[in-house]
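So you can see what is in the structure, the chains are spelled out below.
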Amino acid sequence: MSKQSRRTVTGKVAAAPCTVTVCRGCCCGTPKVPGLDHAAQLTGLRAALASVATVRPTDCLDACDQANVIVIQPSAEGRKAGGRPVWLGLVNDPDAAADITAWVKAGGPGLVEPPDILELYTFAPSRRIRQALDS
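A. Just unusual backbone geometry, in detail. A cis amide bond links Ala-67 to the next residue, Asn-68, at an omega of 0°. Note on placement: Asn-68 falls in the loop between strand E4 (53-58) and strand E5 (70-73). For Asp-62, which is not glycine, the phi torsion reads 60° and is therefore positive. Along the polypeptide, Asp-62 turns up in the loop between E4 and E5. One non-glycine residue, Leu-90, adopts positive backbone phi at about 60°. Among the structural elements, Leu-90 can be located in the loop between strand E6 (86-88) and helix H3 (94-106). On the basis of relative accessibility, which here comes to 43%, the residue Leu-90 falls in the partly exposed class.

B. A look at the sheet that holds E5. The four strands are arranged E4-E3-E5-E6 in an open sheet whose pairing can be described as mixed. Sheet topology places E4 and E6 at the edges, where each strand pairs with a single neighbour. Strand-to-strand, the axes of this sheet are offset by a mean angle of 20°, without reference to chain direction. Each of strand E3 (18-23), E4 and E5 touches helix H1 (residues 38-49); the most contacted strand, E4, lies at about 160° to it. Most of the contacts of H3 go to E5, to which it runs at about 10°, and overall it touches E3, E4, E5 and E6.

C. Geometry of the nonpolar core. In terms of nonpolar packing, the biggest core is built from 20 residues, with Val-20, Ile-70, Ile-72, Leu-88, Ile-100 and Val-104 touching the most fellow members. Secondary-structure elements contributing two or more residues to this core are E3, H1, E4, E5, E6 and H3. Of the residues forming this core, the biggest block, five residues, is contributed by H3. With near-sequence residues (within four places) excluded, Leu-88 lies in contact with Asn-68, Val-69, Ile-70, Ile-72, Ile-100, Leu-118, Tyr-121, Thr-122 and Phe-123. If you look at the next biggest cluster of nonpolar residues, it comprises twelve residues, including Cys-23, Leu-61, Ala-67 and Ile-129.

What counts as what
Residues numbered from 1 in each chain as written. Predicted model: local features only at pLDDT ≥ 70, side-chain atom pairs only at ≥ 80, totals over all residues. Heavy atoms only, no water. Helix = DSSP H or I, 4+ residues; strand = E, 2+ residues; numbered from the N terminus. Buried < 20%, exposed > 50% of the residue type's maximum accessible area, 1.4 Å probe, protein only. Pairing = 2+ DSSP bridges. Axes fitted to C-alpha atoms, helices over the stretch in contact; angles between N-to-C directions. Contact = heavy atoms within 4.5 Å. Core = buried A, V, L, I, M, F, W, Y, C linked by side-chain atoms within 4.5 Å.

Here's what the structure looks like:
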């Protein structure tokens, strides 16, 4: 089965959903970023997005100055509509996670504009880092 599709309970192929990649490497998800329950953040994202997105932790995304980093990759439909991965940094409070959750539930990149507040978290990683995530 391709990365762009998955089978539903009825056996039909469904388009790939958004993927929410949560960095949990050398800085993100560690005591280096104090005042945040990192495990609860990941658990909350997984619970809130279980029916609409794939939430996956990953090792260091090499954007440590932006810890905690979350990357929202568009669904297959969102990518067809022009959506591209959105990198969010300094996601260190529950309100930011709630804004991300609401946006992904509404459709995510390519389908729905993110809430204005997420503009404060958006950053552009180096090309090398972006290519590593896409592979």
